[in-house]
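Each chain, written out:
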Amino acid sequence: MSTNLKNVKRVTTHVLQEMKADGVKIAMLTAYDYSLARLVDRAGIDVILVGDSASNVMAGHETTLPITLDQMIYHACGVVRGSERALIVVDLPFGTYQGNSKGALNSAIRIMKESGAHAVKLEGGKEVLTSIERILTAGIPVMGHLGLTPQSIYKFGTYVVRAKEQEEADRLRADAKLLEEAGCFALVLEKIPAKLAAEVAASVQIPVIGIGAGAGVDGQVLVLHDMLGINQEFNPRFLRRYADLHGVITGAVSGYIKDVRAKDFPNNEEQY
Ligand code: KIV
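My aim in this report is to walk through the structure given alongside it, one point at a time.

What counts and what doesn't
Residues numbered from 1 in each chain as written. Predicted model: local features only at pLDDT ≥ 70, side-chain atom pairs only at ≥ 80, totals over all residues. Heavy atoms only, no water. 1 Å grid on protein atoms, 1.4 Å probe; cavity = no way out; pocket = protein on both sides within 12 Å on 5 of 7 lines; lining within 4 Å. Points joined across faces, edges and corners; volume = space filled by probe spheres on them. Helix = DSSP H or I, 4+ residues; strand = E, 2+ residues; numbered from the N terminus. Nonpolar A, V, L, I, M, F, W, Y, C, P; charged D, E, K, R; others polar. Expected span 1.5 Å × (residues − 1). Buried < 20%, exposed > 50% of the residue type's maximum accessible area, 1.4 Å probe, protein only. Contact = heavy atoms within 4.5 Å.

1. Description of the layout of surface pockets
- Taken as a whole, the largest pocket holds about 630 Å³ of empty space.
- Among the elements of the structure, α3 (54-57) and β6 (186-190) are those that each provide at least two residues to the lining of the largest pocket.
- Residues that form the lining of the largest pocket fall into these classes: 12 nonpolar, nine polar and eight charged.
- There is about 520 Å³ of room inside the second largest pocket.
- Lining of the second largest pocket is provided by 22 residues; of these, Ile211, Gly212, Gln220, Leu222 and Phe238 occupy positions nearest its centre.
- Of all the secondary structure elements, the ones that give two or more residues to the lining of the second largest pocket are β1 (26-30) and β8 (219-222).
- In terms of residue class, the lining of the second largest pocket is built from 15 nonpolar, three polar and four charged.

2. A word on helix α4 (residues 69-82)
- With 14 residues, α4 ought to run about 20 Å at 1.5 Å a step, and its terminal C-alpha atoms sit 20 Å apart, in line with that.
- Most of α4 sits inside the fold, with 10 of its 14 residues counted as buried.
- Every buried residue of α4 is accounted for by Leu69, Met72, Ile73, His75, Ala76, Cys77, Gly78, Val79, Val80 and Gly82.
- Elements that come into contact with the buried residues of α4 comprise α2 (34-42), β2 (47-50), α3, β3 (87-91) and α5 (101-115).

Structure below.
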């Protein structure tokens with residue numbers, strides 16, 4: 001197998017599998033709307049995650065818990081319209097899959113049918129296995145998510161690094177195996193020690209995408225608004241900022257206000 005990404009018209013779960021087999025790192029970013037999805041897709045991203053982090057960065061909530069299935073579908077529809085090449089994965093929001101496999105299946109079907117996305121992601125291991133299995137029976141690809149799972153923030157009580165202790169690390173290793181055996185096509189590992197993440201990535205055949213999980217995994221994911229520097233308040237160690245959109249946008253808006261006040265905008269060429 002050899003991945004020629006130039007010839008890929010649409011990234012599929014099989015392409016990601018090939019990338020892992022060939023040692024080609026997978027680049028994944030979040031997006032929540034048409035315009036930014038279009039930019040991200042045209043720049044060549046492999047996977048777009050319509051993350052429930054939309055609850056934070058789009059809606060301004062403190063946690064990911066409040067976002068609803070209807071809201072996730074709304075975001076996903078825009079992203080699907082804006083993308084031609086990336087695989088589009090949509091988060092199942094809190095309360096739509098835990099402890100209820102029939103509800104999980106219905107939620108996943110709604111996402112696929114109403115948005116046109118290609119896969120769903122959900123958080124957790126053994127405790128959500130029956131939901132994962134039931135979604136998979138409908139032919140819907142599932143991405144798992146272990147480590148720091150933000151929908152469980154009130155159980156954790158803090159956003160610190162997970163699985164530093166032996167017991168939690170062992171549970172994570174076992175959950176990763178379980179999700180692979182169940183048929184998940186990929187896994188996200190969030191905020192765990194790099195050594196553990198690398199070990200997990202080497203122990204499973206499916207691609208493992210990390211966020212705050214070091215370089216020894218098969219790919220990386222970041223929240224788009226964080227890596228573009230829109231949000232200045234969020235400064236975890238794992239975050240690399242590739243732009244300062246906070247500065248760019250603030251500067252542009254200040255310039256516009258100044259020009260309007262000074263009656264400099266619009267000028268003669270900018271009117272009819
Ligand atoms: O919702 C999200 O953005 C995520 C990523 C942090 C992986 O789940």
